[in-house]
Amino acid sequence: MKYADLTWKEVGEALANRWLILPIGSVEQHGPHLPFAVDASLAELFSTKVAERVEGVVAPTLWYGARSLPNSGGGHRYPGTVHLSGEVLLRVYREIITGFVRAGAGKLLLLNGHWENEGLLLEAVDGCREAGLLGGADVVALSWWSVVEARDMTDIFTEFPGWHAEHAGQAETALMLAFYGDRVHMDRAVDHRERVPAGIYRHPTPETWSGTDGVLSPTTHTTAEHGERLASLVVDRLASLLER
């Protein structure tokens, strides 16, 4: 069920005892082989599949996200990424969350697909709580990869450089191959083999910290089968989380 397809007379009944799932992404470069739509598309994909499992309602995807950082998204070196500043994004998150609660959402899943969104999203939720804006609603906020362990990644892909370096890497490439294959240009895929440090900001940014053509880890070994395995694991664990 899509929230945007409901009328005002239907929304109360539709949200009663159902999870409302909000996919949250970004407009961000993902190397020469993947589109700007990756983060939003994958958040929407997982939201839809989880909603099918738990009979949830999928909200319209929030496409714009936080600033892309050099060693987790390539940063400003690559043109085309569009972001909202932190203070604006916090306000946007708060307004959307409280708007859905006012509309009757008693169970709300905020499912993120963009690394740099996470801290701001959690801050917004906690700010709503402190201000008493959540009422009695159950709210779950996480990034889809939060339910995937390092050993899961090595089991599927053999190697795993860490989630900060998975930008435009094997996980996103495999998932896009599995579900949006017509948007992937594997003939342009590149591998980045140098270590990208996590959690360090430096100006000027060393070129190796922003990846090879905006890709922060190896990609060329990935297949659609890898993506199908990863998606199945993510959906199972997210659905189990909500069912519990």
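Attention here is on the structure that accompanies the text. Keep in mind that this is a model prediction, so the values were computed, not measured.

Turning next to the nonpolar core. With 36 residues, the main nonpolar core has Leu42, Phe46, Trp144, Val148, Leu230, Val234 and Leu238 as its most contacted residues. Broken down by secondary-structure element, the contributors of at least two residues to this core are strand S1 (19-24), helix H2 (38-54), strand S3 (107-112), helix H6 (150-157), helix H7 (170-179) and helix H8 (224-243). Considering every element that reaches this core, the biggest residue donor is H8, with 8 residues. Setting aside chain neighbours within four positions, we find Leu42 in contact with Trp144, Glu172, Leu175, Met176 and Tyr180.

With that settled, the discussion passes to the pairing of S1. Among the 6 residues of S1, 6 are classified as buried, and the element is accordingly described as predominantly covered. Burial along S1 is two-sided: the face carrying Trp19, Ile21 and Pro23 and the face carrying Leu20, Leu22 and Ile24 are both buried. Pairing analysis gives 6 bridges linking S1 to S3, with the strands arranged parallel. Looking at S3, one finds that Ile24 is bridged to Asn112.

At a closest axis distance of 11 Å, the pairing of H2 and H7 adopts a crossing angle of 60°. Viewed along their axes, H2 and H7 adopt a mutual orientation that is oblique. Here H2 and H7 pass one another in a crossing that is left-handed. Here Val38, Asp39, Leu42, Leu45, Phe46 and Lys49 of H2 lie close against H7, whose contacting residues are Glu172, Leu175, Met176 and Phe179. Grouping the constituent residues of the contact of H2 with H7 by class yields 7 nonpolar, no polar and 3 charged.

A cluster of nonpolar side chains, contributed by Trp63, Tyr64 and Val82, occupies part of the molecular surface with about 280 Å² of accessible area. Mapped onto the elements of the fold, Tyr64 is located in the loop between strand S2 (57-58) and helix H3 (70-73).

Next up on the list: the sheet that holds S1. If you trace the 4 strands from one edge of the open sheet to the other, you get S2-S1-S3-S4, paired in parallel fashion. Looking at strand neighbours, the two that pair on one side only are S2 and strand S4 (138-143), the edges of this open sheet. Across 6 bridges, the pairing between S3 and S4 is parallel. Looking at the pairing, Asn112 lines up with Ser143 of S4. Across the sheet, H2 is in contact with S1, S2 and S3; its angle to S1 comes to roughly 165°. H8 contacts S1, S3 and S4 of the sheet and is inclined by roughly 160° relative to S4.

Conventions and cut-offs
- Residues numbered from 1 in each chain as written.
- Predicted model: local features only at pLDDT ≥ 70, side-chain atom pairs only at ≥ 80, totals over all residues.
- Heavy atoms only, no water.
- Core = buried A, V, L, I, M, F, W, Y, C linked by side-chain atoms within 4.5 Å.
- Buried < 20%, exposed > 50% of the residue type's maximum accessible area, 1.4 Å probe, protein only.
- Helix = DSSP H or I, 4+ residues; strand = E, 2+ residues; numbered from the N terminus.
- Contact = heavy atoms within 4.5 Å.
- Pairing = 2+ DSSP bridges.
- Axes fitted to C-alpha atoms, helices over the stretch in contact; angles between N-to-C directions.
- Parallel < 35°, antiparallel > 145°, perpendicular 65-115°, else oblique.
- Left-handed = near helix turned anticlockwise from the far one by under 90°.
- Nonpolar A, V, L, I, M, F, W, Y, C, P; charged D, E, K, R; others polar.
- Patch = residues over 30% accessible without salt bridge, like charges linked within 9 Å, V, L, I, M, F, W, Y side chains within 5 Å.
- Areas by Shrake-Rupley, 256 points an atom, 1.4 Å probe, with all protein chains shown as cover.
- Salt bridge = Lys/Arg side-chain N within 4 Å of Asp/Glu carboxyl O.

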